[in-house]
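These are the residues of each chain, in order.
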Amino acid sequence: MNGNDESTVPPPEVGSVRLADDGTLEQFDGTAWTPYEELVDDGEGQGAWDFRRPT
Amino acid sequence: MTLPVPTDPQETAPLPVTVSSAQTAVADMRATARWTVAATAAVGGVLLGGLPFAAIGKLHGGGDLALAVGGLAVAMAGVFWVIWATGEVLTPRFVTLTSLDGPGLAGLRAAVQREPEAFFGPFGASAAELDRSCRHHTQTAARIARLLVTETDDVRRARLTHWLGVARSNAAHARARRRALLELVHAWQVRATLRRARIHTLLASLLVVAGAVLFLLATDGG
């Protein structure tokens, strides 16, 4: 019975998140749990490009 | 038992929405288009309002009259051509990320391929990946919020709250990248249209001059 019960446990959905014991957040990518990371960006959306008026 | 979820700081203090250089460029290009349309309309006004009166008494015979009317029509066709072509610059445009693949944006596509980091930041290497990244981080924030609702342990709640902030920040920055890219695509479309309009204006100006010369020939002949 236990084996049958285990087999009925649904696999995690892709994108599911869980908090690991060390405090990191893990996310299921379809095959494994991988760490979720903060992506540092400059904040306003525009990168290193610019439209300049002709001078 | 459901517990409170921290509010999204983006709702109370969103990322600053500044007028981007792309939006400024669009405003400049539209001002150029408006100036071109106004100047051309003034030329049209002179042609319609001035030339016929100047020709009174100088046209003799059906041939002269036909030449004068034909010349005026040719010149006015040039005026309408300029206004029509330049008016395209002022027409609002529908822009999506797939517009990046459209005609007239080859230069922008090449720039994006050369330096994807400058356009997508840490959110992928293509417009499609950037769009997926927006959805991914927004969904991740929602999933963390669902965990927080049922989490009762204070330490785990604090950690989840931290990660919720991280996911919301990631989503906000990805959306800002997407918005900036849409504005850039739009500016590039307007730029391409304005460049086409300048060529049309040059050709149409030749038509206006040709029409005026025909008109003057008709009156001189009298």
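Everything numeric here is computed off the predicted structure, so don't read it as measured data.

1. Quick notes on the interface of chain B and chain A
Consideration 1: Listed by partner, the interface residues are 36 residues for chain B and 30 residues for chain A.
Consideration 2: For the pair chain B and chain A, the summed buried surface comes to about 2,800 Å²; carbon and sulfur atoms form 58% of the total.
Consideration 3: Among the residues of chain B in contact with chain A, Ser21, Arg143 and Trp163 of chain B are the three that bury the most area, contributing 22% of the side total.
Consideration 4: Between chain B and chain A we count 2 salt bridges in total.

2. A look at the side chain of Thr219 of chain B
Consideration 1: For Thr219 of chain B, the location among the structural elements is in helix α7 (residues 154-221).
Consideration 2: Setting aside residues no more than four positions away along its own chain, Thr219 of chain B makes contact with Ala55, Lys58 and Leu59 of chain B.

3. Considerations on the sheet that holds strand β2 (residues 25-28) of chain A
Consideration 1: Taken in spatial order, the 3 strands line up as β1-β2-β3 (chain A) in an open sheet, and their pairing is antiparallel. Taken across any chain shown, the strands that pair with only one partner, and hence form the sheet edges, are β1 (17-19) and β3 (33-35) of chain A. In this sheet, neighbouring strand axes are inclined to one another by 35° on average, regardless of whether the strands run parallel or antiparallel.
Consideration 2: As paired strands, β2 of chain A and β3 of chain A are joined by 3 bridges and run antiparallel to one another. Within β3 of chain A, the position partnered with Gln27 of chain A by the bridge is Thr34 of chain A.
Consideration 3: Each of β1 and β2 of chain A touches helix α6 (residues 127-150) of chain B; the most contacted strand, β1 of chain A, lies at about 50° to it.

4. Re the packing of aromatic side chains
Consideration 1: Inspection of every chain in the model, using the stated rule, returns 2 aromatic pairs over all chains.
Consideration 2: A centroid spacing of 5.4 Å and a plane angle of 50° characterise the contact between Phe28 of chain A and Trp33 of chain A, whose relative ring orientation is tilted.
Consideration 3: With centroids separated by 6.4 Å and ring planes inclined at 70°, the aromatic side chains of Tyr36 of chain A and Trp163 of chain B adopt a geometry described as edge-to-face. One end of the pair, Tyr36 of chain A, is in the segment after β3; the other, Trp163 of chain B, is in helix α7, on a second chain.
Consideration 4: Under the relative-accessibility criterion, Trp163 of chain B is labelled buried at 11%.
Consideration 5: We note Arg18 of chain A situated over the ring of Trp33 of chain A; from NZ or CZ to the ring centre the distance is 4.2 Å.
Consideration 6: The cationic tip of Arg191 of chain B hangs over the ring face of Trp188 of chain B; the distance from NZ or CZ to the ring centre is 4.6 Å.

5. Comments concerning the UniProt feature "transmembrane region" (unreviewed entry) in chain B
Residue and element names in this part refer to chain B.
Consideration 1: Listed under "transmembrane region" (unreviewed entry) in the UniProt record, and renumbered for this structure, are residues 37-59, 65-84 and 199-218.
Consideration 2: Helix makes up 78% of residues 37-59 and strand 0%, whereas the separation of the span's terminal C-alpha atoms amounts to 31 Å.
Consideration 3: Helix makes up 100% of residues 65-84 and strand 0%. Its end C-alpha atoms lie 28 Å apart.

Rules used throughout
- Residues numbered from 1 in each chain as written.
- Chains lettered and ligands numbered in written order.
- Predicted model: local features only at pLDDT ≥ 70, side-chain atom pairs only at ≥ 80, totals over all residues.
- Heavy atoms only, no water.
- Contact = heavy atoms within 4.5 Å.
- Buried area = accessible area lost by both parts, 1.4 Å probe.
- Salt bridge = Lys/Arg side-chain N within 4 Å of Asp/Glu carboxyl O.
- Helix = DSSP H or I, 4+ residues; strand = E, 2+ residues; numbered from the N terminus.
- Pairing = 2+ DSSP bridges.
- Axes fitted to C-alpha atoms, helices over the stretch in contact; angles between N-to-C directions.
- Phe/Tyr/Trp six-rings, centres within 6.5 Å; stacked < 30°, edge-to-face > 60°.
- Buried < 20%, exposed > 50% of the residue type's maximum accessible area, 1.4 Å probe, protein only.
- Lys NZ or Arg CZ within 6 Å of the ring centre and 35° of its normal.
- UniProt positions renumbered as here; feature names shortened; annotations may be inferred.

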